[in-house]
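# Chain and residue survey
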Amino acid sequence: LQQLLLKKPNEPPMVFHWLPVIGSTITYGMDPFAFFFANHKKYGNVFTFILLGRKMTVCLDTTGNNFILNGKIKDVNAEEIYSPLCTPVFGKDVVYDCPNSKLMEQKKFVKFGLTQEALRSYVTLITHECEDFFKRHKTFKGQQGTFDVPKVMAELTIYTASRSLQGEEIRNSFDSKFAELYHDLDMGFSPINFMLSWAPLPHNRARDNARETMIKLYSEIVRKRRSGVAKKDSHDMIWHLMDCKYKDGVPVPEHEIAGIMIALLMAGQHSSSSTSAWILLRLAQNPHIVEELLAEQKSALGHHLPPVSYEDLQKLPLHAQVVKETLRLHAPIHSIMRKVKQPLVVDGTNYVVPPSHTLMSSPGFSAQLDNHFVNPAHWDPHRWDAGQNNYDEERDEADEEKIDYGWGVVSKGTKSPYLPFGAGRHRCIGEQFAYLQLQTIVVAFVREFKIRNVGGSKDIIGTDYSSLFSRPLAPAVVEWERRQKEL
Ligand code: HEM
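Notes on the structure in this doc start here.

### What about the coordination of the iron atom of the ligand?
- What the protein offers the iron atom of the ligand as a donor is a single atom, Cys428 (SG), at 2.3 Å.
- Of note, Cys428 is situated in the loop between strand 10 (409-411) and helix 19 (431-448).

### Here's the deal with the site of the ligand
- Of all residues adjacent to the ligand, which total 26 residues, the nearest are Tyr96, Lys107, Arg338, His426 and Cys428.
- Separating an oxygen atom of the ligand from a side-chain N or O atom of Arg338 is a distance of 2.7 Å.
- Contributing elements (two or more residues each) for the shell around the ligand: helix 6 (100-113), helix 13 (254-285), strand 5 (336-340) and helix 19.
- With six residues, the top contributor of residues to the shell around the ligand is helix 13.

### Here's the deal with the side chain of His357
- On the secondary structure map, His357 appears in the loop between strand 7 (352-353) and strand 8 (358-361).
- What makes His357 buried here is its relative accessible area of 1%.
- Beyond its immediate chain neighbours, meaning those up to four positions away, His357 contacts Glu11, Thr48, Lys55, Thr57, Lys339 and Val340.

### Topic: the sheet that holds strand 11 (residues 449-453)
- Overall, antiparallel pairing links the three strands, which are arranged 4-14-11 in an open sheet. Looking at strand neighbours, the two that pair on one side only are strand 4 (144-148) and strand 11, the edges of this open sheet. The average angle at which neighbouring strand axes cross in this sheet is 30 degrees, direction not considered.
- Note: strand 4 against strand 14 (residues 477-482), five bridges, orientation antiparallel. Within strand 14, the residue paired with Gly145 across the bridge is Trp480.
- Helix 19 rests against strand 4, strand 11 and strand 14 of the sheet, and its axis sits at about 90 degrees to strand 11.

### Quick word on the pattern of salt bridges
- Counted by the stated rule, this structure contains 25 salt bridges.
- For the salt bridge of Glu254 with Arg223, the shortest nitrogen-to-oxygen distance reads 3.1 Å. Of this pair, Glu254 sits in helix 13 while Arg223 is found in helix 11 (residues 202-226), placing the two residues 31 residues apart along the sequence.
- Asp243 is paired through a salt bridge with Lys232; the nearest N and O atoms lie 3.1 Å apart. Of this pair, Asp243 sits in the loop between helix 12 (237-242) and helix 13 while Lys232 sits in the loop between helix 11 and helix 12, and the two are eleven residues apart along the sequence.
- The class of Asp243 is exposed, set by a relative accessible area of 56%.

### Section: the nonpolar core
- Ranked by internal contacts, the top residues of the largest apolar core, which has 130 residues, are Phe36, Phe90, Phe147, Tyr218, Leu283 and Ile451.
- Ranked by the residues each element gives to this core, the list is headed by helix 13, at 16 residues.
- Setting aside anything within four residues of it in sequence, one finds Ile451 in contact with Phe147, Leu280, Leu283, Ala284, Pro287, Val290, Phe445, Val478, Glu479 and Trp480.
- Counting residues in hydrophobic clusters, the runner-up holds ten residues, among them Val46, Cys59, Leu344 and Val353.

### Quick notes on the sheet that holds strand 1 (residues 46-51)
- Strand order in the open sheet formed by five strands is 1-2-8-5-3, and the pairing between neighbours is mixed. Whereas interior strands pair on both sides, the edge strands pair on one side only; in this sheet they are strand 1 and strand 3 (76-77).
- The sheet contact formed by strand 1 and strand 2 (residues 54-59) spans six bridges and is antiparallel. Bridged to Phe47 within strand 2 is Val58.

### Some words on the packing of aromatic side chains
- Counted by the stated rule, this structure contains 32 aromatic pairs.
- Judged by centre distance (4.5 Å) and plane angle (50 degrees), the ring pair of Phe37 and Phe365 falls under tilted. In this pair, Phe37 sits in helix 3 (residues 32-43) while Phe365 sits in helix 17 (residues 363-366), placing the two residues 328 residues apart along the sequence.
- When its relative accessible area of 30% is taken as the criterion, Phe37 is described as partly exposed.

### Re the state of the cysteines
- Applying the stated criterion across every chain yields a total of zero disulfides.
- Looking at the unpaired Cys244, the closest cysteine sulfur is the one in Cys98, lying at 15 Å.
- The class for Cys244 is buried, based on a relative accessible area of 8%.

### Focus on helix 16 (residues 317-329)
- Between its first and last C-alpha, helix 16 extends 19 Å over 13 residues, near the 18 Å set by a 1.5 Å rise per residue.
- With respect to burial, helix 16 is a largely interior element, eleven of its 13 residues being buried.
- Looking at helix 16, one finds that the buried residues are Leu318, His319, Gln321, Val322, Val323, Lys324, Glu325, Thr326, Leu327, Arg328 and Leu329.
- Residues of helix 16 that are buried make contact with helix 13, helix 14 (287-301), helix 17 and helix 19.

### Here we look at the packing of helix 16 against helix 19
- Across the interface, helix 16 lies against helix 19 with an axial gap of 9 Å and an inter-helix angle of 120 degrees. For the pair helix 16 and helix 19, the crossing hand works out as right-handed. For the pair helix 16 and helix 19, contact is made by His319, Ala320, Val323, Lys324 and Leu327 and by Tyr435, Leu438, Gln439, Val442, Val443 and Val446, respectively.
- Considered class by class, the residues forming the contact of helix 16 with helix 19 number eight nonpolar, two polar and one charged.

### Notes on the pairing of strand 2
- In this structure, the hairpin formed by strand 1 and strand 2 is closed by a connection of two residues, where Leu52 is found at a positive phi of approximately 45 degrees.
- Bridge analysis of strand 2 against strand 8 gives three bridges, and the strand direction is parallel. Along strand 8, the bridge assignment pairs Met56 with Thr358.

### Observations concerning the packing of helix 14 against helix 19
- One way to put it is that helix 14 packs onto helix 19 with a least axis distance of 9 Å and a crossing angle of 105 degrees. One element, helix 14, and the other, helix 19, form an angle in the roughly perpendicular class. Contact residues: Val290, Leu293, Leu294, Gln297 and Leu301 in helix 14; Val442, Val443, Val446 and Arg447 in helix 19.
- Looking at the contact of helix 14 with helix 19 residue by residue, the classes come out as seven nonpolar, one polar and one charged.

### Details of the environment of Arg120
- Locating Arg120 in the fold gives a position in helix 7 (residues 116-136).
- Put simply, Arg120 and Phe174 are 54 residues apart on the chain and 23 Å apart in space, counted from C-alpha to C-alpha.
- Look past the residues within four positions of Arg120 in its chain and what remains in contact with it is Tyr310 and Glu311.

What counts as what
- Residues numbered from 1 in each chain as written.
- Predicted model: local features only at pLDDT ≥ 70, side-chain atom pairs only at ≥ 80, totals over all residues.
- Heavy atoms only, no water.
- Donors = N, O, S within 2.8 Å, 3.2 Å for Na, K, Ca; no water.
- Helix = DSSP H or I, 4+ residues; strand = E, 2+ residues; numbered from the N terminus.
- Near = heavy atom within 4 Å.
- Polar contact = N/O pair within 3.5 Å; in protein donor to acceptor, adjacent residues only side chain to side chain.
- Buried < 20%, exposed > 50% of the residue type's maximum accessible area, 1.4 Å probe, protein only.
- Contact = heavy atoms within 4.5 Å.
- Pairing = 2+ DSSP bridges.
- Axes fitted to C-alpha atoms, helices over the stretch in contact; angles between N-to-C directions.
- Salt bridge = Lys/Arg side-chain N within 4 Å of Asp/Glu carboxyl O.
- Core = buried A, V, L, I, M, F, W, Y, C linked by side-chain atoms within 4.5 Å.
- Phe/Tyr/Trp six-rings, centres within 6.5 Å; stacked < 30°, edge-to-face > 60°.
- Disulfide = S-S within 2.5 Å.
- Expected span 1.5 Å × (residues − 1).
- Left-handed = near helix turned anticlockwise from the far one by under 90°.
- Nonpolar A, V, L, I, M, F, W, Y, C, P; charged D, E, K, R; others polar.
- Parallel < 35°, antiparallel > 145°, perpendicular 65-115°, else oblique.

Distances and angles like these do not, on their own, reveal function.
What follows is the structure, encoded as structure tokens:
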């Protein structure tokens, strides 16, 4: 009764809770999707809950996705939410520690750096890294065995990203200090830091030291390259950023190049390593798809399986659909948040959300609704085969009015329930790279191995929501067997 009385009549319904500050923190934190489904059933698409003392208003389904992700800059704000967590990790003057217009320019630099030529070179580098990894990694000694998928894929993802996007010097420093620095910096993303990122706790001190050391490392690389010691013989993002200038003609300073590279490393690593792990776990649950993937490669590229190129990836639709379907059920970013800047009427309702609230969107939720997807809980890459009645962002947005954010032209609104890369001004610019990286890893993996769940079971592991990005619960062990090479 007290909760009902405290709520203003036109505010969204409040999820019932017993404890004032804790509110729904525990049920949401344990399984956000189960929480969204339960409350969607009770309250519909729009409701408010308490997360560590903050009022979070969730707006679900396609209208909710569009309302939040395409919200105007005067209405909703990302940096006020993300900056306390991200700035101590990425450093000053980049991403959320600068005006949104500067972030848009930084996103443009990165997007424009992912040229066809660069992407082409990345496929070759990632393939080499995978082949090397499958030969030398202790997990893959011999002809068959088992492996802990999330752990091994986290390693392979960071090696492949650093060899391609981050460049040779970063990849080479991995064997020594970089892995440790990465680990310390990553501790900055502990969920506790949503409240305590400023606190002089040991993990925050380690984070700050790691950030300073990494900024120095990247700055040294830039200086060495500028002095002519290193030749420009690759297409990594550092080379590209060194040539970029802001609209006012100022080149990107060293510490900002470092900050952007750290942001790319972190954004890419969490999302892609979780996705690559889910892909392999889904393939282990469905070994017949692994054989279909190999058959697709043989029929599209030749029975002898030549080295794969960037152009070849376009000829492997089932490989892309495996990535697409995995992202439908296992979106690594389950909740996207924005601060409300002025009272807002929620689209399609009479509810008014006051500026004291934070908005929460979950495109991963609409991707699991049965009004959009037949048998939504079922993982089936063939649901994306041509002619199937499934939603497709590109198809759905084809007729929409467009808007140019400087880094790319996107739809002004979105009707799609499938938005694993977000929408609007904060939409991901790493999608192309992520697809390229994940598809290339899958190509290399199915050429080398068969996999299946231990004992051939059809189970799938649960999701770990304890960090900011969701990922498979570890350990998640599956069986591998090396393929016999045909002579
Ligand atoms: C933004 C998902 C890979 C860099 C986003 C957003 C989502 C997302 C949902 C929007 C966040 C928001 O609106 O608050 C993913 C997924 C990935 C992936 C599912 C892989 C499977 C990458 C990679 C990079 C990257 C590989 C870097 C190379 C970024 C950047 C932003 C972003 C810079 C913009 C943040 C902003 O404007 O506020 N990503 N991402 N992402 N992502 Fe990704």
